[in-house]
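A closer look at the structure
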Amino acid sequence: MCGIFGYLNYLVERDRVFIMDTLMNGLSRLEYRGYDSAGFAVDGDSEDEVFLYKQMGKVKELRYLVESEPIDNKTFMIHGGMAHTRWATHGPPSQVNSHPHRSDHTHEFTVVHNGIISNYKDIKTLLEMKGFVFESDTDTECVAKLMKYIYDEQNHPSFVDLFKMVAKELEGSFAFIVKSTHFPNEIIAARRGSPLLLGVKTTKNLKVDFIDVQSSLNDEIRLDRIQSSTFLSEDGLPQPIEFFISSDAAAIIEHTKKVLYLEDNDMAHISDGELHIHRLLKSDHLSNTRCIQTLEMELAEIMKGDFDHFMLKEIYEQTESVVNTMRGRVNFDDRTVTLGGILKYVPMMTRARRMIFIACGTSYHSCLATRSIFEELTQIPAQIELASDFLDRQSTIHRDDVCVFVSQSGETADTILAMRYCLERGAICVGITNTVGSSISRESDCGVHINAGPEIGVASTKAYTSQYIALLMMALQLSEDRTSTLARRQSIIQGLESLPNMIRSVLKLDSQLRTLARTTLHKEHSLLIMGRGYQNATCLEGALKIKEISYMHSEGILAGELKHGPLALIDENMPVLIVMTRDSFYPKVNSALQQVVARKGNPIILCDAEDESFSRYQTIGVPSTVDCLQGLINIIPLQLLSYHLAILQGVDVDFPRNLAKSVTVE
């Protein structure tokens with residue numbers, strides 16, 4: 001979804017070109033989130049002047065726009081700028097709908113926004129009655145104009161009080177950065193439902209590693225803790241400082257590793273080198289401090305390296321990411337699993353009435369892939385839910401349920417709302433995410449970080465396999481006291497140990513899959529992928545990869561349902577790929593194969609490398625492993641196939657049209 005980036009320097013000399021480059025570089029780091037236009041706002045030559053630059057298309061188009069105009073390279077000791085990549089929700093992609101949005105032609109208030117203001121039509125109607133004229137179709141412009149209206153009507157309140165008044169009128173989700181000519185060199189950053197974090201960069205070490213929160217009930221914090229907001233150095237003196245505000249740590253890591261994550265309904269006010277955090281709600285049970293944390297990621301992790309695309313890099317990184325997911329958790333010597341993040345909840349989880357796995361998209365498929373083995377090992381009934389449908393149905397949740405929420409970013413809006421729904425009803429909520437500091441990781445009772453490393457490509461690849469392993473490890477830990485499953489658990493752990501080498505051997509099929517894509521599939525308009533049992537999830541995930549990256553229609557079909565409708569699609573012109581690695585369901589899938597062949601189908605078979613019974617068909621041979629782990633191997637050829645189909649179609653692999661990496665709105 002939309003990406004937000006802000007930069008404020010205090011007592012650090014920066015010229016306008018440097019500031020603009022910093023803002024646009026920040027947007028470049030957020031490109032993977034999905035967007036259709038970009039823009040930024042910087043200070044003009046006087047305190048009551050703001051320069052806006054907005055452009056449709058990629059960030060490089062915005063750069064061309066900036067480079068085409070003359071720039072007075074003024075130097076600033078204090079300056080606040082903000083930038084935005086827009087993913088269209090209200091109004092089509094256009095320059096006028098691009099952010100930042102302004103309150104009026106003099107830019108009294110300028111806003112960038114990630115989220116959706118659900119009552120914007122009511123606000124817009126009110127403001128139009130008051131004489132305001134709107135330039136765009138967006139919900140965000142209403143916020144900028146509402147700020148001006150309240151500022152004028154309420155006798156010019158302070159920046160903090162003004163934003164609190166505005167926030168009370170807003171319904172929906174948001175992350176904002178706001179600047180104003182009435183409050184030069186100040187910035188407001190706030191969030192409710194959409195992610196936002198702040199980076200802090202200083203030349204000297206900070207004296208404290210926390211910020212006190214000022215609530216509306218206690219706006220005056222104790223004098224002995226005021227230093228938490230003024231960022232004194234260890235010698236007790238104010239110091240030059242730079243602040244970075246972003247939707248994602250990927251845009252901050254090149255500048256600083258010191259970050260602070262805003263909680264829901266936090267508002268950060270930056271002024272004169274000080275950072276003050278206020279609450280938009282009068283009272284809640286959150287901590288009264290926000291800790292400054294150190295990012296673990298490295299800049300190289302969000303670069304392509306020698307690969308042409310992030311997606312291909314991340315497919316190849318799975319030899320390492322699966323190891324990182326297991327590192328320190330799986331003891332291959334004594335065949336045990338220990339997940340520290342859920343350890344103290346294990347006794348309660350093993351007594352659960354049922355396990356409910358709730359997710360969206362690829363994360364949902366990882367739950368589907370592991371449901372069967374989860375029930376087999378733990379003997380706890382398990383169900384999986386699409387988060388949006390779960391919310392629509394207002395499903396019944398009991399206090400003795402365990403609800404597991406899976407999200408790569410930890411910021412998926414529907415999954416977060418489902419988690420809050422379950423928390424309110426007393427269920428144990430477990431988060432499975434790839435992002436430390438994300439909403440799900442902070443708000444859940446316990447959880448597992450999958451340690452897959454940053455995933456930049458919109459199509460999830462290594463996060464899927466790491467989520468798969470994390471869920472499998474949870475099943476192994478919850479069943480450790482069941483002697484009846486001891487042999488089964490040990491065989492699975494042995495299979496996990498050999499997994500990296502198997503993935504390496506599958507990656508050697510890359511050139512074969514490139515040829516298959518070029519000679520057989522890339523001119524087709526549709527592809528059916530069939531499987532059964534553990535491989536049902538593989539088929540669904542493989543079909544999702546193909547449709548989202550190559551724009552080819554693809555459908556994952558449970559082979560047992562073939563005769564209940566899909567068989568009507570089969571003829572000599574319909575491409576079919578059947579997943580037929582040997583497990584207990586192999587004879588049944590073989591029956592589906594015979595039905596396809598009888599209708600003149602000419603299927604491609606994904607099978608065990610040593611299986612010689614398919615010599616008359618095109619085959620993709622993969623290593624054989626434990627049945628519940630085979631999906632980890634089988635999905636990789638489909639990931640590579642989708643990549644090569646996309647390349648042959650000439651589409652943008654990393655940033656497919658209409659899609660966003662992190663879906664932070666419902």
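Report on the accompanying structure. (Residues numbered from 1 in each chain as written. Predicted model: local features only at pLDDT ≥ 70, side-chain atom pairs only at ≥ 80, totals over all residues. Heavy atoms only, no water.)

Our focus in this paragraph is the overall build of the chain. Across its full length, the chain holds 19 helices and 28 strands. A compact globule built from 666 residues should have a C-alpha radius of gyration of about 26 Å, and the chain, at 26 Å, falls within 12% of that. Once local pairs closer than 6 in sequence are excluded, the contacts in the chain between residues at least 24 apart make up 74%. Surface exposure of the chain reaches about 26000 Å², of which carbon and sulfur atoms provide 48%. Taking the 66 positively charged and 87 negatively charged side chains of the chain as two groups, their mean positions are separated by 5 Å. (Helix = DSSP H or I, 4+ residues; strand = E, 2+ residues; numbered from the N terminus. Rg over C-alpha atoms; globule rule 2.2 N^0.38 Å. Contact = heavy atoms within 4.5 Å. Areas by Shrake-Rupley, 256 points an atom, 1.4 Å probe, with all protein chains shown as cover. Lys, Arg positive; Asp, Glu negative; His and termini not counted. Charge placed at Lys NZ, Arg CZ, Asp CG, Glu CD.)

Attention shifts here to the packing of helix H16 (residues 510-521) against helix H19 (residues 630-649). Two quantities define a packed helix pair, namely the angle between the axes and the distance from one axis to the other. The contact between H16 and H19 brings their axes to 9 Å, and the two run at 50°. In this view, H16 runs oblique relative to H19, as classed from their interaxial angle. Like other packed secondary-structure pairs, H16 and H19 cross with a definite hand, here right-handed. Here H16 contributes Asp510, Leu513, Arg514, Leu516, Ala517, Arg518 and Leu521 to the contact with H19, which in turn contributes Pro637, Leu640, Leu641, His644, Leu645 and Leu648. Split by residue class, the contact of H16 with H19 holds 9 nonpolar, 1 polar and 3 charged. (Axes fitted to C-alpha atoms, helices over the stretch in contact; angles between N-to-C directions. Parallel < 35°, antiparallel > 145°, perpendicular 65-115°, else oblique. Left-handed = near helix turned anticlockwise from the far one by under 90°. Nonpolar A, V, L, I, M, F, W, Y, C, P; charged D, E, K, R; others polar.)

In this section: the sheet that holds strand E20 (residues 382-386). The 5 strands are arranged E20-E19-E21-E22-E23 in an open sheet whose pairing can be described as parallel. The open sheet terminates on both sides in strands that have one partner only, identified here as E20 and strand E23 (446-449). Across the sheet, the mean angle from the axis of one strand to that of its neighbour is 20°, orientation sign disregarded. Where strand E19 (residues 354-359) meets E20, 5 bridges bridge the pair, whose relative direction is parallel. Bridged to isoleucine 358 within E20 is glutamate 385. Strand contacts of helix H12 (residues 413-424): E19, strand E21 (401-407) and strand E22 (428-433), with the helix running at about 165° to E21, the strand carrying the most contacts. (Pairing = 2+ DSSP bridges.)

Gln318, Thr319, Ser321, Val322, Thr325 and Met326 are the residues of helix H8 (residues 318-326) that are buried. Buried positions along H8 lie against helix H7 (310-316), strand E17 (330-331), helix H14 (462-478), helix H15 (486-507) and H19. Positioned one or two residues after H8, glycine 328 has a phi angle of 75°, which is positive. (Buried < 20%, exposed > 50% of the residue type's maximum accessible area, 1.4 Å probe, protein only.)

Glancing now at the environment of isoleucine 416. Assignment of secondary structure puts isoleucine 416 in helix H12. Under the relative-accessibility criterion, isoleucine 416 is labelled buried at 3%. In this structure the C-alpha to C-alpha distance between isoleucine 416 and isoleucine 503, which are 87 residues apart in sequence, comes to 32 Å. Ignoring any residue separated from it by four or fewer positions in sequence, one finds isoleucine 416 in contact with Gly410, Glu411, Ser439 and Ile440.

Applying the stated criterion across every chain, the model contains 15 aromatic pairs. Judged by centre distance (6.0 Å) and plane angle (85°), the ring pair of tyrosine 151 and phenylalanine 183 falls under edge-to-face. Of the two residues, tyrosine 151 is situated in helix H4 (residues 140-153) and phenylalanine 183 in the loop between strand E7 (172-180) and strand E8 (187-192); the sequence distance between them amounts to 32 residues. In this structure an aromatic cluster arises from ring pairing among Phe5, Tyr7, Phe18 and Phe244. Its guanidinium or amino end placed over the ring of tyrosine 35, lysine 58 lies 4.8 Å from that ring's centre, counting from NZ or CZ. Positioned above the aromatic ring of phenylalanine 134 is the side chain of lysine 145, whose terminal nitrogen or guanidinium carbon lies 5.3 Å from the ring centre. (Phe/Tyr/Trp six-rings, centres within 6.5 Å; stacked < 30°, edge-to-face > 60°. Lys NZ or Arg CZ within 6 Å of the ring centre and 35° of its normal.)

Below, the discussion takes up the sheet that holds strand E2 (residues 37-43). Pairing within the open sheet is antiparallel, and its 8 strands lie in the order E3-E2-E4-E1-E11-E9-E12-E16. Lying at the two open borders of the sheet, with one neighbouring strand each, are strand E3 (50-56) and strand E16 (293-294). Pairing of strand E9 (residues 197-202) with strand E12 (residues 258-261), which is carried by 3 bridges, proceeds in the antiparallel orientation. Each residue of the ladder has a partner; that of leucine 197, found in E12, is tyrosine 261. Relative to the sheet, helix H1 (residues 16-29) contacts strand E1 (3-15), E2, E3, strand E4 (75-86) and strand E11 (241-246), its axis offset from that of E1 by approximately 155°. Those strands touched by helix H2 (residues 59-67) are E2, E3 and E4, and its axis lies near 130° from that of E3.

Let us now look at the pattern of salt bridges. One pass over the full model with this rule turns up 29 salt bridges. One salt bridge in this structure joins arginine 420 and aspartate 264, with 2.6 Å as the shortest N-O distance. Of the two residues, arginine 420 sits in helix H12 while aspartate 264 sits in the loop between E12 and strand E13 (266-271), which places them 156 residues apart along the sequence. Residue aspartate 401 is joined to arginine 354 by a salt bridge in which the shortest nitrogen-to-oxygen separation is 3.0 Å. (Salt bridge = Lys/Arg side-chain N within 4 Å of Asp/Glu carboxyl O.)

Take the pairing of E21 next. A regular strand carries its side chains on alternate faces of the sheet. Burial runs high along E21: 7 of the 7 residues are buried. Side chains Asp401, Cys403, Phe405 and Ser407 of E21 all project onto a buried face; the interleaved residues Val402, Val404 and Val406 project onto the opposite face, where all are buried too. When E21 meets E22, the two strands line up parallel, connected through 6 bridges. Residue pairing in the sheet places cysteine 403 in a bridge with cysteine 429 of E22. You can see the chain leave E21, run along H12 and come back into E22, and the turn it takes is right-handed. (Right-handed = clockwise from strand over helix to strand, strands pointing away.)

Secondary-structure assignment places asparagine 9 in strand E1. Among the polar contacts made by the side chain of asparagine 9, one reaches the main-chain carbonyl oxygen of valine 12 at a distance of 2.8 Å. (Polar contact = N/O pair within 3.5 Å; in protein donor to acceptor, adjacent residues only side chain to side chain.)

Right, let's get into the environment of glycine 361. Locating glycine 361 in the fold gives a position in helix H10 (residues 361-378). The exposure class assigned to glycine 361 is partly exposed, which follows from its relative accessible area of 35%. Distance in space between the C-alpha atoms of glycine 361 and leucine 544 is 8.3 Å, their sequence separation being 183 residues.

This part covers the environment of glutamine 239. Its place among the elements puts glutamine 239 in the loop between helix H6 (227-230) and E11. Among the residues examined, glutamine 239 registers a relative accessible area of 6% and is labelled buried. Along the chain, glutamine 239 and leucine 11 lie 228 residues apart, while their C-alpha atoms are 7.7 Å from each other. Engagement of the side chain of glutamine 239 in a polar contact is seen with the backbone nitrogen of lysine 204, the distance being 3.4 Å.

The linkage connecting histidine 99 with the following residue, proline 100, adopts the cis geometry, with an omega of 0°. You can see proline 100 is positioned in the loop between E4 and strand E5 (101-102). Its identity is not glycine, yet histidine 156 carries a phi of approximately 60°, on the positive side. The topology assignment puts histidine 156 in the loop between H4 and helix H5 (159-168).

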